[in-house]
Amino acid sequence: MFDFEFHNPTRILFGRGRENETGGELAADGVKRALLVSGRGSAERSGVLGRVRGSLAAAGVDAVEHPGVVANPVLPHALEGIALAREAGVDAVLAVGGGSVIDEAKTIACGIFHQGDIWDLFRGRAEVKRALPVYTVLTLAAAGSEMNKNAVITNPATRQKYSVSSKHLFPRLSILNPELTFTVPADHTAYGAVDAIAHVLEAYFTKKPGTRLQDRLVEAIVLTVMENTEKAIAAPDDYGARAALMWAATLALNGLTPAGAGPYGFPNHMIEHAMSAMFDIPHGAGLAVVLPAWMRWHAERNPEQHVRFARKIFGRDTAEEGIAALEEWFVRIGAPVRLAGVDIAAERVPEIAENAAGLARVWGIGEEYPAAVIEEILARA
Ligand code: NZQ
Ligand code: ZN
């Protein structure tokens, strides 16, 4: 066990119908007026947004609406949200949606206090000093943003998809009702599953060996996600499967699994963020392409852990068998596993590698992952 600090202040309300408690919770925290951030229509169509509005009105909390957040949220729309939040004098930000909506809500919550260029918070040139309290009603099991301190935003002007991270960005409260994910289509259910699996595998493979508690936590999450993704795709309104997926995806990136595991990297995300910045593909779809390729490259460097993965997850004996089994599973749930599957031509690989290498430098893994190495990894995809 390595030394660590673990801090997660996000309160979770989990269960059926709990979005109806939103207004009461905000009012109890003294919130008078909230910026209500949402996406491009799914929350309106499913009825959750209507129920949240009703709950806020009943509790006497004003809602100033900022809809239209796109998947892979973009800086200009977040800047519009910041301007609106300032003008309306809101005292909290409430996200109703998936990771994209939550990440834009977090960006607005800290951006409202930032003097100067907001992008500096993302490229590591400035720190978040304060943020409005963030509340979330989650509608998609995937990113883990509902219980962590990160937000990922794309700057279309520079084609950079970068993240900001601060203790001020943990949501104060997240409401997790698995029923709200019944309407998530099969493709996004699959991409969310891949994302949650990737979140735990990044540290599983890149940390130092021998921290077995952390290994087993990861293996439990991977097995749970796999089992329940298949159930949720077969029967979208299977509450038990949706509930297991939702909580597993939250635990996958809330700081629990890598605590005590020592230093680790996030190289698959570094590469995928370049892909979704440049080609606007769903994050989980990009990860399904990158992860098997990176694992084949990395298995030569850390064979023991890849053999452990093959044995514990698939009952196979070699690293390659484990990777092939994971890839087959991605295909079975409908996730792409080659660049061609997300309509990215092989000729674009050098550009992706350059873009990703820029992020690698920001994340302090630039020496391990120069563009040439990233090209070598993507050649396997
Ligand atoms: O815009 P709407 O209409 O809401 O549609 C969304 C979107 O098209 C739809 N959707 C969401 N809930 C639904 C639903 N459709 C039907 N029923 C529902 N209940 O699904 C589509 C994808 O939504 P999005 O929020 O983009 O997905 P996800 O939750 O996977 O978030 C992806 C974003 O999170 C970032 C990714 O890079 C990407 O930008 N990440 C954030 C992280 C974090 N903050 O810690 C970590 C992750 O590694 C990731 O990078
Ligand atoms: Zn992710």
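Here the structure is a predicted model, which is why all the values come from computation and not from measurement.

1. Some points on the pattern of salt bridges
Line of reasoning, step 1. Summed over all chains, the structure comprises 21 salt bridges.
Line of reasoning, step 2. Glutamate 65 serves as the salt-bridge partner of arginine 53, at 2.5 Å between the closest nitrogen and oxygen. One end of the pair, arginine 53, is in helix α3 (residues 48-58); the other, glutamate 65, is in strand β3 (residues 62-66), and twelve residues separate them in sequence.
Line of reasoning, step 3. Beyond isolated ion pairs, a larger network of salt bridges with shared partners links Lys207, Arg212, Asp215, Glu219 and Arg308.

2. Observations regarding the packing of aromatic side chains
Line of reasoning, step 1. In the structure shown here, the tally under the stated rule is eleven aromatic pairs.
Line of reasoning, step 2. Seen in terms of ring centroids, tryptophan 119 and tyrosine 162 are 6.0 Å apart; in terms of plane orientation they differ by 20°. Their pairing is stacked. Of the two residues, tryptophan 119 sits in helix α6 (residues 119-122) while tyrosine 162 sits in strand β7 (residues 160-165), which places them 43 residues apart along the sequence.
Line of reasoning, step 3. Ring geometry for phenylalanine 309 against phenylalanine 314: centres 6.0 Å apart, planes inclined by 75°, an arrangement best described as edge-to-face. With respect to burial, phenylalanine 309 and phenylalanine 314 carry one shared label: buried.
Line of reasoning, step 4. In this structure an aromatic cluster arises from ring pairing among Tyr204, Phe205, Trp294, Phe309 and Phe314.

3. Notes on the nonpolar core
Line of reasoning, step 1. Judged by nonpolar contacts, the single largest core of 104 residues is most densely connected at Leu201, Met270, Met275, Phe309, Phe330, Tyr369 and Ile374.
Line of reasoning, step 2. The two domains that each donate at least three residues to this core are domain 1 (11-180) and domain 2 (186-379).
Line of reasoning, step 3. Those residues within four positions of methionine 275 in sequence are excluded, and the remaining contacts are Asp280, Ile281, Gly286, Val289, Val290, Leu339, Ile344, Ile352 and Leu378.
Line of reasoning, step 4. By size, the runner-up hydrophobic cluster in this structure holds 19 residues, among which are Leu36, Val48, Leu49 and Leu180.

4. A short note on the site of ligand 1
Line of reasoning, step 1. Lining the immediate environment of ligand 1, one finds 32 residues, of which Ser42, Gly99, Ser100, Lys161 and His199 sit closest.
Line of reasoning, step 2. In the model, an oxygen atom of ligand 1 is placed 2.8 Å from a nitrogen or oxygen of the arginine 40 main chain.
Line of reasoning, step 3. Leucine 180 places a polar main-chain atom, nitrogen or oxygen, 2.9 Å from a nitrogen atom of ligand 1.
Line of reasoning, step 4. About the coverage of ligand 1: the protein hides 89% of its 960 Å² of free accessible area.
Line of reasoning, step 5. Contributing elements (two or more residues each) for the shell around ligand 1: α5 (99-111), β6 (150-155), α7 (186-206) and α10 (267-279).
Line of reasoning, step 6. The residue makeup of the shell around ligand 1, split by class, is eleven nonpolar, 17 polar and four charged.

5. Let's talk about the sheet that holds strand β4 (residues 92-97)
Line of reasoning, step 1. Pairing is parallel across the open sheet formed by six strands, whose spatial order is β1-β8-β5-β4-β2-β3. Either end of the sheet is taken by a strand with one partner, and the two such strands are β1 (11-14) and β3. In this sheet, neighbouring strand axes are inclined to one another by 20° on average, regardless of whether the strands run parallel or antiparallel.
Line of reasoning, step 2. Direction of pairing for strand β2 (residues 33-38) relative to β4: parallel, over a ladder of five bridges. When the sheet's bridge partners are listed, serine 38 is paired in β4 with valine 96.
Line of reasoning, step 3. Sheet contacts for helix α9 (residues 239-252): β1, β5 (134-138) and β8 (173-176); angle to β1, the most-contacted strand, approximately 175°.

6. Notes on the coordination of the zinc ion (ligand 2)
Line of reasoning, step 1. Every protein donor of the zinc ion (ligand 2) is listed here as Asp195 (OD), His199 (NE2), His269 (NE2) and His283 (NE2), and their distances to the metal cover 1.9 to 2.1 Å.
Line of reasoning, step 2. Of note, the donors binding the zinc ion (ligand 2) are all from one chain and are spaced D-x3-H-x69-H-x13-H. Of the two residues, histidine 199 sits in helix α7 while histidine 283 sits in helix α11 (residues 283-299), which places them 84 residues apart along the sequence. No difference in accessibility class separates histidine 199 from histidine 283, as the two residues are buried.

What counts and what doesn't
Residues numbered from 1 in each chain as written. Chains lettered and ligands numbered in written order. Predicted model: local features only at pLDDT ≥ 70, side-chain atom pairs only at ≥ 80, totals over all residues. Heavy atoms only, no water. Salt bridge = Lys/Arg side-chain N within 4 Å of Asp/Glu carboxyl O. Helix = DSSP H or I, 4+ residues; strand = E, 2+ residues; numbered from the N terminus. Phe/Tyr/Trp six-rings, centres within 6.5 Å; stacked < 30°, edge-to-face > 60°. Buried < 20%, exposed > 50% of the residue type's maximum accessible area, 1.4 Å probe, protein only. Core = buried A, V, L, I, M, F, W, Y, C linked by side-chain atoms within 4.5 Å. Domains from an automatic or database assignment. Contact = heavy atoms within 4.5 Å. Near = heavy atom within 4 Å. Polar contact = N/O pair within 3.5 Å; in protein donor to acceptor, adjacent residues only side chain to side chain. Areas by Shrake-Rupley, 256 points an atom, 1.4 Å probe, with all protein chains shown as cover. Nonpolar A, V, L, I, M, F, W, Y, C, P; charged D, E, K, R; others polar. Pairing = 2+ DSSP bridges. Axes fitted to C-alpha atoms, helices over the stretch in contact; angles between N-to-C directions. Donors = N, O, S within 2.8 Å, 3.2 Å for Na, K, Ca; no water.

As far as function goes, none of this settles anything; it's purely spatial.
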